[in-house]
Amino acid sequence: MALAGRTAAWWARLRSPCPAAAPLCLPPWLPAGPVACERLYSSRGKEKLDMLMYPVESIRNFSIIAHVDHGKSTLADRLLEITGTIAKTDRNKQVLDKLQVERERGITVKAQSASIFYNHEGVNYLLNLIDTPGHVDFSYEVSRSLSACQGVILVVDANEGIQAQTVANFYLAFEAQLAIIPVINKIDLKNADPERVEKQIEKLFDIPTEECVRISAKQGTNVEKVLQKVIEKIPPPQCNTADPLKALVFDSTFDHYRGVIANIALFGGEIEKGHKIVSAHTKKRYEVNEVGILTPNEQPTHKLFQKLAPHGSSGKKIRYAGQVGYLIAGMKEVTEAQIGDTLFLYKQPVEPLPGFKSAKPMVFAGMYPVDQTEYNNLKSALERLTLNDSSVTVHRDSSLALGAGWRLGFLGLLHMEVFNQRLEQEYNMSVILTAPTVPYKAILSSAKLIKEYGKAEITIINPAQFPDKLSVSEYLEPTVLGTIVTPHEYIGKIIALCQDRRAVQKDMLYIDERRVMLKYLFPLNEIVVDFYDALKSLSSGYASFDYEDAGYQAADLIKMDILLNGNPVEELSTIIHNDKAYATGKFLCERLKDAIPRQLFEIAIQAAIGKKIIARETLKAYRKNVVAKCYGGDITRRMKLLKRQAEGKKLMRKIGNVEVPRDAFIRVLKRQTDK
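J.: Would you mind going over the overall build of the protein chain with me for this structure?
T.: Looking only at helices and strands, the protein chain has 17 helices and 33 strands in total. Total accessible area on the protein chain is roughly 32,000 Å²; 51% of this is exposed by carbon and sulfur atoms.

J.: Is there a simple way to think about the pattern of salt bridges in this case?
T.: Between side chains of opposite charge, a pair can form when the charged atoms approach closely. In this structure the tally under the stated criterion is 19 salt bridges. The partner of arginine 214 in a salt bridge is glutamate 198, with the nearest N and O atoms 2.9 Å apart. Of this pair, arginine 214 sits in strand E6 (residues 213–214) while glutamate 198 sits in helix H7 (residues 194–205), and the two are 16 residues apart along the sequence. Classification of arginine 214 as partly exposed rests on a relative accessible area of 27%. On the basis of relative accessible area, glutamate 198 is assigned to the buried category, the value being 10%. A salt bridge links lysine 441 to glutamate 457; the nearest nitrogen and oxygen atoms lie 3.4 Å apart. Of this pair, lysine 441 sits in strand E23 (residues 440–444) while glutamate 457 is found in strand E24 (residues 457–460), placing the two residues 16 residues apart along the sequence.

J.: Quick question: what am I supposed to make of the sheet that holds strand E11 (residues 285–287) here?
T.: Read from one edge of the open sheet, 8 strands run E11-E10-E18-E7-E8-E17-E12-E13, paired in antiparallel fashion. At either margin of the open sheet sits one strand with a lone partner, and together these are E11 and strand E13 (298–300). Pairs of neighbouring strands in the sheet enclose a mean axial angle of 40°, with direction left out of account. Helix H9 (residues 375–388) contacts strand E7 (246–255) and strand E8 (259–268) of the sheet and is inclined by roughly 140° relative to E7.

J.: Where do I start with the packing of aromatic side chains in this structure?
T.: Centre-to-centre distance and the angle between the planes together describe a pair of aromatic rings. With the rule as written, the count across this model stands at 12 aromatic pairs. Geometrically, the ring pair formed by phenylalanine 170 and tyrosine 171 is edge-to-face, given 5.2 Å between the ring centres and 80° between the ring planes. When the ring of phenylalanine 522 is compared with that of phenylalanine 545, the centres are 5.9 Å apart and the planes differ by 85°; the resulting orientation is edge-to-face. Separated by 23 residues along the polypeptide, phenylalanine 522 in strand E27 (residues 515–523) and phenylalanine 545 in strand E28 (residues 544–555) bring together distant segments of the chain. In this structure, phenylalanine 522 and phenylalanine 545 share a single accessibility class: buried. Through successive ring pairs, a cluster of aromatic residues spans Tyr520, Phe522, Phe531, Phe545 and Tyr547.

J.: Explain the nonpolar core here, please?
T.: Grouped burial of nonpolar side chains is what soluble globular proteins tend to show. Within the largest apolar cluster, 57 residues are counted, with the highest numbers of intra-cluster contacts made by Phe419, Leu423, Ile484, Phe522 and Phe531. Among all residues touching phenylalanine 522, those that are not within four sequence positions of it are Pro478, Thr479, Val480, Gly482, Ile484, Cys498, Ala503, Ile527, Phe531 and Phe545. Ile64, Leu127, Ile181 and Val230 belong to the second largest nonpolar core, which has 29 residues in total.

J.: What am I meant to see in the packing of H9 against helix H10 (residues 413–427) here?
T.: Pairs of packed helices are described in terms of their axes, by the angle between the two and the distance that separates them. Across the interface, H9 lies against H10 with an axial gap of 11 Å and an inter-helix angle of 115°. Once H9 is placed against H10, the crossing between them reads as right-handed. Within the contact between the two elements, H9 uses Leu378, Ala381, Leu382, Arg384, Leu385, Thr386 and Asn388 and H10 uses Phe419, Arg422, Leu423, Glu426 and Tyr427. Looking at the contact of H9 with H10 residue by residue, the classes come out as 7 nonpolar, 2 polar and 3 charged.

J.: Would you explain the packing of helix H3 (residues 72–82) against helix H8 (residues 223–233) in this entry?
T.: Here H3 crosses H8 at 85°, and the two axes come no closer than 10 Å. Judged by the inter-axis angle, H3 sits roughly perpendicular to H8. Residues Leu75, Arg78, Leu79 and Ile82 of H3 pack against Val223, Glu224 and Leu227 of H8. Across the contact of H3 with H8, the residue classes tally to 5 nonpolar, no polar and 2 charged.

J.: Please explain the side chain of serine 252 as it appears in this structure.
T.: Residue position: serine 252 is located in strand E7. Of the residues examined, serine 252 reaches a relative accessible area of 1% and is grouped as buried. The contacts of serine 252, once residues within four sequence positions are left out, are Val260, Ile261, Ala262, Asn263, Ala337, Ile339, Leu387 and Asn388.

J.: Would you mind showing me how to read the sheet that holds strand E21 (residues 403–410) here?
T.: Note on sheets: strands pair through backbone hydrogen bonds, and any given pair is parallel or antiparallel. An order of E20-E21-E19-E22 is seen for the 4 strands of this open sheet, with the pairing classed as antiparallel. At either end of the open sheet lies a strand with only one pairing partner, and these are strand E20 (393–399) and strand E22 (431–433). Between one strand and the next, the sheet's axes are offset by a mean angle of 30°, whatever the strand orientation.

J.: Sorry, what's going on with a negative patch on the surface here?
T.: On the surface, Glu202, Asp206, Glu210 and Glu211 cluster together into a patch of negative charge. With respect to the helices and strands, glutamate 210 occurs in the loop between H7 and E6. Residue glutamate 210 is classed as exposed on the basis of its relative accessible area of 63%.

Definitions and limits used
- Along each chain, the written sequence defines residue order, and numbers are assigned to residues from 1.
- Local features in this predicted model are restricted to residues whose pLDDT is 70 or higher, and side-chain atom pairs enter the listing and the counts only when it is 80 or higher, whereas totals over whole chains, interfaces and linings include all residues.
- Heavy atoms from the whole structure form the basis of all side-chain values; hydrogens and water molecules are not counted.
- Numbered from the N terminus, helices here are DSSP runs of H or I no shorter than four residues, and strands are runs of E no shorter than two.
- The Shrake-Rupley method, run with a 1.4 Å probe, gives the accessible areas here. Residue values count only the displayed protein chains as cover.
- The rule for a salt bridge is simple: a side-chain nitrogen of Lys or Arg has to be within 4 Å of a carboxyl oxygen of Asp or Glu.
- To sort residues, take the accessible area from a 1.4 Å probe on protein chains only and compare it with the maximum for the residue type: under 20% means buried, over 50% means exposed, and anything in between is partly exposed.
- At least two bridges found by DSSP between two strands are what make those strands a pair.
- In this analysis, axes come from line fits to C-alpha atoms, helices being fitted only over the stretch in contact, and the angle between any two N-to-C directions falls in the range 0 to 180 degrees.
- Here, two residues are considered to be in contact whenever any of their heavy atoms come within 4.5 Å of each other.
- Within 6.5 Å between ring centres, the rings of Phe, Tyr and Trp (the latter by its six-membered ring) count as paired, and their orientation is classed by plane angle as stacked under 30 degrees, edge-to-face over 60, tilted in between.
- Residues enter a nonpolar core if they are buried and are Ala, Val, Leu, Ile, Met, Phe, Trp, Tyr or Cys, with the set joined through side-chain atoms within 4.5 Å.
- Crossings are assigned a handedness: left-handed for a near helix turned anticlockwise from the far helix by less than a right angle, right-handed for a clockwise turn.
- Just so you know the grouping, Ala, Val, Leu, Ile, Met, Phe, Trp, Tyr, Cys and Pro go in nonpolar, Asp, Glu, Lys and Arg go in charged, and all remaining residues, Gly too, go in polar.
- Throughout, the term roughly parallel applies to angles under 35 degrees, roughly antiparallel to angles over 145, roughly perpendicular to angles from 65 to 115, and oblique to all others.
- Surface patches are defined over residues having more than 30% relative accessible area and no salt bridge, joining like charges when they lie within 9 Å and nonpolar side chains (Val, Leu, Ile, Met, Phe, Trp, Tyr) when within 5 Å.
- Note on charges: Lys and Arg go in the positive column, Asp and Glu in the negative column, and His and the chain ends are not counted at all.
- Lys charges are placed at NZ, Arg charges at CZ, Asp charges at CG and Glu charges at CD.

This is the structure:
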């Protein structure tokens, strides 16, 4: 009874009004640990907030952008702690990285938003922050996040300085005309040189050195100054007075019980529970079940709105847009919440917002269920995962060997690996992924093929569709403009690597006395698999790489097949440049010899262009010593036993099936040998 009374009293104290920054202390008789703490915070946050406390002049929407591993997520953790949004504990690491794959790899792959409350000079502010990925493969997440913001925090490592993705992210924000706050992180490191980094920022981005904020996100040094800069430098969002509801869906997830949860940014009007809304994309009507903000867990509010605030001496009221939150409206199908869609009130139609530029896939791979009975389950999992990751393109495909499946388009190889890992972890689906390829084009010369396709230029995303050279006037391969930032002592090795990958140098600029920025025009298929790994290896991890689409160029392309005992393996067919055919064929055969387990029969591994074999490796069979029981005697007895064994091996080779391990499709393509 005493324990029950103490627990009830403690809960009553917990639910009583308290300052936003007040820490939450667990009583000794309740279970400790991050899970218990998170539950208590979420229960505390379920009380609905009154958003009228925050007029639009007190709202700031901003993203944190940077190169990979420069401390974005750590800075987000400190901001959440300082404002009292989460408790200060040693376990606060990557709080906004909610996916298992993010915690395992230590990188952010999905942009996450959180609303934080901060009092500055006696005024309460609502700050909506979005933590974004830093790797080039997830740049689409960054561009979508910026659409809901009016400013960014550009984080630069005080030790490494400006890197390739720092430059790319800066120009994304610059082109969107957002306010930029440069922050130099990790000043507590032994080799930190913030003065040098400030000069780099001034030289490349034309931002004065006095505007840079030096911080240590890990130790919390100067982090509060970042919040003050956000309030001073980033403007509140604005729109016209008479605008009806206009909300942009910039992200969405699927919940098995509540359906689609859409993250929205308001560009006009207000929205609350019970409102009837319409999707501009599907024209379907819904009733709003719940609206709220993310702190970073879901916290319901009475409404999301734009507060009317007096403006000027005339007392006229101007309406501002600005709040960012989530919405649940009973969308049960994953196709109903398209990212970039516009939501508006029933019978109050509006001009749809421009949405987002479609992501352009750079890598294609076939995906098939291990067992065809799992096809429908995999289809459902793909639909739900692509709702959360709209940069993946999906086309139905089929293979004689693997059955029905899909051809998926990704922004890069890491994107493909993370997507596959999320399928396994979140949906328990095991799949077969084929070798990645890039989208080629062919200019057809055959009138029959032009009539069949309905156009003279076709795009090839599957090597099985590669047309014969006799019916094509020209092949085209995709190119990218790559940016490499490296210490000057590695220039020679990196130039040699780029020349080996058929790259053409376009520019070379010294950022300072120690770092150089190189620009090269690369064929995309030369960098898509292992260029980044080779670059990191040559530069001891100091060089960084970023790329952007640069169109197509003419190339001498051929299709190469891999044969196992004379049977083509469709999943390993690849399109390559003619100059590299022999070397690549020999390399693939050698790697396959190591990847395929030995059988009781001999396996011939061959690389072929058309009917011409250009490389071969032989995987020897396991062999039983059938003459071990012969202790002398006539030689004919030994020959008879060996001949019978050879006939059995020959028969087994005809009827035996060679299974290629699932991970071999990626492993055999990597040029770096495994250590």
